[in-house]
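# Structural description and commentary
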Amino acid sequence: MRGEAFRVRRGRPVNYETSPEPMTVRTVKRLYRQTDGRWPFVPYGLVPVIGLAVLLIYGLTLFAFGSVQAETARTARLALSDAGIDWARIRVSGQQVFLEGEAPSAAEAERAIVIVRKANAPTPLGPAPPATRVTGRLNGVADAKPLSATPPVTDARKPGRSAPGDWSFQLGNGALTLSGEVPDEATHAAILQDARSRLDPPRLASIDDQLVVSGGAAPSGYLAVATRALDTVSACDTGTAALRAEVFTLKCELPASAAADVRAKAYADLPWGKLGDVTITTREEINTCETSLATLLGDARIEFASGSAVIEPSSNALIDSIAAAVKSCPGTLRIEGYTDVTGEPALNMALSRNRAFAVRNALIARSVSQQRLIAEGYGESRPLADNTTPDGRARNRRIEIRVVRASE
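In this report, the structure presented in the accompanying data block is examined. (Residues numbered from 1 in each chain as written. Predicted model: local features only at pLDDT ≥ 70, side-chain atom pairs only at ≥ 80, totals over all residues. Heavy atoms only, no water.)

Think of a sheet as strands paired side by side through backbone hydrogen bonds, with each pair either parallel or antiparallel. A sheet is described by the order of its strands in space; here three strands give the open sequence S13-S12-S14, paired in mixed fashion. Two strands lie at the open edges of the sheet, namely strand S13 (373-377) and strand S14 (398-403), each paired on one side alone. Between one strand and the next, the sheet's axes are offset by a mean angle of 20 degrees, whatever the strand orientation. Relative to S14, strand S12 (residues 333-338) runs antiparallel, the two sharing six bridges. By the bridge assignment for S14, Gly337 is matched with Ile399. Its contacts with the sheet place helix H8 (residues 283-299) against S12 and S14, and it is angled at close to 170 degrees to S14. (Pairing = 2+ DSSP bridges. Helix = DSSP H or I, 4+ residues; strand = E, 2+ residues; numbered from the N terminus. Axes fitted to C-alpha atoms, helices over the stretch in contact; angles between N-to-C directions. Contact = heavy atoms within 4.5 Å.)

And the structure:
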């Protein structure tokens, strides 16, 4: 049977070349028969390949069009946080990042821009920098774009209305300091007489009168607010009662036994103005908090990469414990950074500040409210040990956390 194509299937010869069926049908049947009733391997092999291609296209599309701006902003913020840079603010448009803020130096400004440029984000094809362009006005960096002028601050009071006067009554170290302005001499005399009637040595041993008469008439209820301030702050160990733009605020530190009475007076309806922030912390709460934090930071130290503000991964467990303790603390806490005397004092001051802010950012990342945390750098000041020995220098390189006192 030369010249003819025959195939034997189940003992019967089949001539496909002479079959009356169309070529495409014959081809499909031939493939089907060649595999004993099963489709060939090739279509099955393409299924996972096609599936992966669809997933890849979906992932790339989602990254490129759905969340690129959010991912760019998130990556930039995390990179700056990890580097201990808190002074740079971020504005993002697509994949362009603009930094603004007051940099400690031109070198620090350039460092911030480089960090954001090199920051990687996860993508379907592996880590890659999401920012395509990074610029900023940071301490005069050359490639910055001009920012729009800051709008002037205007007085929200109605035209023709005179300011009644803002003041602050601060109690600390046995002295009550009265500072600021009052509208008229009669109000001044009444406040001073009320303050003197509350003398209670040694807790309140003296009155320092620095009030100035600004002129005008005190509105109805104004003197009653000043009396409320004296009534509450004079019951504190330390504290500050203030009036700013017709808003009354109070910060007070006192024994737990007196807290309920002061709190009730502070939150009572005001005869004039508005009630602002009232922070009342007890001596017992502060002592418990600071003892707990001192124990944590005394038994172990937060480790940083040499000469930088990058926290070592080995300190993550310690920071977890600090975050848990901080959440139980009252009021606002100050994170203090210190260094040894190695290096230039100005550089040590900047390093200590950046390290304090790095710890602040790490605590914020662990769900501690950023409004409750401030950070300060003190450089090589306030050493705990002798800087001439390695052990002494190691003890001086430290982070401390304290409750901000009401009189500060």
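Still more ground to cover, so stick around.
Now for the sheet that holds strand S9 (residues 238-244). Strand order in the open sheet made by the six strands is S8-S7-S6-S9-S10-S11, with mixed pairing throughout. Of all the strands in the sheet, just strand S8 (206-213) and strand S11 (274-282) have a single pairing partner and so form its edges. Put simply, the sheet's adjacent strands are angled 5 degrees from each other on average, direction ignored. Pairing of strand S6 (residues 167-172) with S9, which is carried by five bridges, proceeds in the antiparallel orientation. Each residue of the ladder has a partner; that of Trp167, found in S9, is Leu243.

Before going further, it helps to spend a moment on the packing of aromatic side chains. In this description, a pair of aromatic rings is defined by centroid distance and the angle of the planes. All told, the structure shown has three aromatic pairs when counted by the stated rule. When the centroid spacing of 4.3 Å and the interplanar angle of 10 degrees are considered together, the rings of Trp167 and Phe169 count as stacked. Seen in terms of ring centroids, Tyr222 and Trp272 are 5.5 Å apart; in terms of plane orientation they differ by 70 degrees. Their pairing is edge-to-face. Separated by 50 residues along the polypeptide, Tyr222 in helix H6 (residues 222-233) and Trp272 in the loop between helix H7 (256-267) and S11 bring together distant segments of the chain. Take Tyr222 and Trp272: they sit in the same class, and that class is buried. The ring centre of Tyr378 lies 4.1 Å from the NZ or CZ of Arg382, which sits over that ring. (Phe/Tyr/Trp six-rings, centres within 6.5 Å; stacked < 30°, edge-to-face > 60°. Buried < 20%, exposed > 50% of the residue type's maximum accessible area, 1.4 Å probe, protein only. Lys NZ or Arg CZ within 6 Å of the ring centre and 35° of its normal.)

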